[in-house]
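Per-entry structural report
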Amino acid sequence: VSGAGPVYLDYAASAPVDPRVTEAMAGALAQLPANPSSVHASGRRAREAVECARAQVAGLLGAPPASIVFTSGATESDNLAVLGAARAGRARGRHLVTSRTEHRAVLDACRRLEREGFEVSWLRPGGDGRILAEQVAEVLRPDTILVSVMHANNETGVLNDVAAIGALCRARGVLLHVDAAQSAGRVDLDVEALGADLVALTGHKLGGPKGIGALYVRRLPRPPLEPLLYGGGQEGGLRPGTLPTHQAVGFGLACELARAALPTEAPRVRALREDLWQRLAGLGHVERNGAAEPSVPGILNVFFAGIEGESLLLELEASVEASSGSACSSASAEPSYVLRALGRSDAAAQASLRLSLGRFTTVGDVARAGAAIAAGVERLRALAPPGALERIA
Amino acid sequence: LSAVRAYPARVRDLFQAPPAAGPLPAGRGEHRVGEAGDAAAGAWIRFEARVADGRIATARFRAWGCPYVIAAAALVAGRLEGLTPAAAGEFDVQALAVELDLPPERLGRLLVVADAARGLAASPAATAG
């Protein structure tokens, strides 16, 4: 990740697996072969490892272990929360609230619910990228059953005041689901302080393996949830299927390591991000997408006037690995719906880079990346027709 | 969010070291400009040429767009020299698309390159030198 190759600045897409996690997972694969649901000795050892991991995940959230449901990742957790809560609560109401800048796992689940007869209020953030509790309050109705607002936006890193939204929801008897995939392990996260009933997270954003995540489900009172899968009683019937012991072990350890490192890592990564921003701001005609604060420490989303995003990514291919402000789901790059919702033009959204830093990012990485991005932007700006700085803005 | 797509080697080479890029150097002859496109079109190209004795003696391009756009503009600019301004926009867009292994959804951007090249013929000539 660091060294002679490209500087990896795509932690928001996936963070490198901590070597200690890799080692623990290899150990689990070799030494814990049994099904954790089996009652024999080998099965009980696997179960112990899974329950240890559950406690580690819960510890990151300030939650009791019994509130953690293992899933395949944040997408499944978001789907289970949104679809599960809405379908289980349809007798009480058919109105949901979410924002236009949620992850697709929430957006597409809500669209699915619209096709099932639910009504969704889609909140638009301000130019700073934040969803305010006042906006939620304006659209709540007697038949609202669920509010889903992400903690940190995956493109801008901007943090929503989920605690204020949680207090509002609690007062109105509405369930709150929070997608915390980008904030878990990167900022202090306490589900009680947030007032959340459902919280989604994933292993691979915080130094754990891909393919495993969790949904926090409040215990008291426990929100009604309809499972997405059927076929067994695992995870309290909410997520049937054989638990992947090694994945759980890796995820759990990653949560514990992230929790332990948080007091030192958060300020270190934040300082690195601001160093990178200062290096890029010196180019001129660059702007941050979304508010600088409050935000998770490692995400910097920058708009470069006069630049086309796809060309910038290729320009940086050998030096920096990052993501551009285009959607990857289309053959022709569509501008990011998140940046569009923040008021950016299509061209400006495409001329934006998400640079995300993390645990293994060094001062040297930031210096190399900053120099490479600056050189790339200057070359592409020199290639562009006169007036591009003003017209591609 | 997107990552770097797999570009053909030809496109990469032209993108990384485009021939005939930048402003037109000073010289004798008519200075002509052909420009087309904008951000909404996904391509914005400006060709400049110095015309002497009825033929393009020097050509340069500047471009904003994806790597295919920059590669196409570089390729076209490199082939303008020796042509008459009227012939500048007559290159075969489909052949250029094949040469660059262009994804079908990007064909519209090559048409913008062609428009800019055709603009050279229509551009009012300004004599310099």
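Read on for an overview of the structure. Because the structure is a prediction, the values reported are computed rather than measured.

1. Description of the packing of helix α2 (residues 41-61) of chain A against helix α8 (residues 245-281) of chain A
All names here are of chain A. Packing of α2 against α8 brings their axes to within 8 Å, and their N-to-C directions diverge by 30°. α2 and α8 meet at a crossing whose hand is left-handed. Listed contacts from α8 to Ala46, Ala49, Val50, Ala53, Gln56, Val57, Gly59 and Leu60 of α2 are Thr245, Ala248, Val249, Phe251, Gly252, Leu253, Cys255, Glu256 and Arg259. Among the residues making up the contact of α2 with α8, the classes are represented as 11 nonpolar, 4 polar and 2 charged.

2. Some thoughts on the pattern of salt bridges
Residues and elements named next belong to chain A. Counted by the stated rule, this structure contains 35 salt bridges over all chains. One salt bridge in this structure joins Arg218 and Glu192, with 3.1 Å as the shortest N-O distance. Within this pair, whereas Arg218 is found in the loop between β8 (213-217) and α8, its partner Glu192 is found in helix α7 (residues 191-194), the two being separated by 26 residues in sequence. Here Arg218 falls in the buried class, since its relative accessible area comes to 4%. Among the ionic contacts, a cluster of salt bridges with common partners joins Arg270, Arg273, Glu274, Arg288 and Glu293.

3. A few points about the packing of helix α3 (residues 74-88) of chain A against helix α4 (residues 104-115) of chain A
Angle between the axes and distance between the axes are the two parameters that describe a pair of packed helices. All names here are of chain A. Interaxial distance between α3 and α4 falls to 9 Å at its minimum, and their mutual angle equals 30°. Comparing the axis directions of α3 and α4 gives the class roughly parallel. Considering how the two elements wind past one another, α3 and α4 form a crossing that is right-handed. Residues Thr75, Asp78, Asn79, Val82, Leu83, Ala86 and Arg87 of α3 lie in contact with α4, whose contacting residues are Ala105, Val106, Ala109, Cys110, Arg112 and Leu113. Considered class by class, the residues forming the contact of α3 with α4 number 8 nonpolar, 2 polar and 3 charged.

4. Description of the sheet that holds strand β7 (residues 198-202) of chain A
All names here are of chain A. One open sheet holds the 7 strands; their spatial order is β2-β8-β7-β6-β5-β3-β4, and the pairing between them is mixed. Each edge of the open sheet carries a strand with a single partner, namely β2 (68-71) and β4 (119-123). Within this sheet the neighbouring strands show an average axis-to-axis angle of 20°, counted without direction. In the sheet, β7 pairs with β8 via 5 bridges, with the strands oriented antiparallel. Bridging across to β8, Val199 finds its partner in Tyr216.

5. Some points on empty space enclosed by the protein
Residue and element names in this part refer to chain A. Applying the stated criterion to the full structure yields 3 cavities of 30 Å³ or more. Each residue belonging to the lining of the largest cavity can be placed in one class, and the counts come to 12 nonpolar, 4 polar and 4 charged. In this model, the second largest cavity occupies a volume close to 50 Å³. Taken together, Thr156, Arg273, Arg288, Asn289, Gly290, Ala291, Ala292, Ser295, Ile299, Leu300 and Asn301 form the lining of the second largest cavity. If one sorts the elements of the lining of the second largest cavity by residue count, strand β10 (residues 299-304) sits on top with 3 residues.

6. Side note on the nonpolar core
With 74 residues, the main nonpolar core has Phe304, Val320 and Leu355 of chain A together with Ile45, Phe47 and Phe61 of chain B as its most contacted residues. For this core, the element with the most residues is helix α2 (residues 67-80) of chain B, which contributes 11 residues. In this structure, Leu355 of chain A is in contact with Leu9, Leu276, Leu280, Gly298, Ile299, Leu300, Val302, Val320, Ala322 and Ile373 of chain A, ignoring residues within four places of it in sequence. One finds Val50, Ile165, Leu176 and Ala196 of chain A within the second-largest nonpolar core, a separate group that totals 45 residues.

Calculation rules
Residues numbered from 1 in each chain as written. Chains lettered and ligands numbered in written order. Predicted model: local features only at pLDDT ≥ 70, side-chain atom pairs only at ≥ 80, totals over all residues. Heavy atoms only, no water. Axes fitted to C-alpha atoms, helices over the stretch in contact; angles between N-to-C directions. Helix = DSSP H or I, 4+ residues; strand = E, 2+ residues; numbered from the N terminus. Left-handed = near helix turned anticlockwise from the far one by under 90°. Contact = heavy atoms within 4.5 Å. Nonpolar A, V, L, I, M, F, W, Y, C, P; charged D, E, K, R; others polar. Salt bridge = Lys/Arg side-chain N within 4 Å of Asp/Glu carboxyl O. Buried < 20%, exposed > 50% of the residue type's maximum accessible area, 1.4 Å probe, protein only. Parallel < 35°, antiparallel > 145°, perpendicular 65-115°, else oblique. Pairing = 2+ DSSP bridges. 1 Å grid on protein atoms, 1.4 Å probe; cavity = no way out; pocket = protein on both sides within 12 Å on 5 of 7 lines; lining within 4 Å. Points joined across faces, edges and corners; volume = space filled by probe spheres on them. Core = buried A, V, L, I, M, F, W, Y, C linked by side-chain atoms within 4.5 Å.

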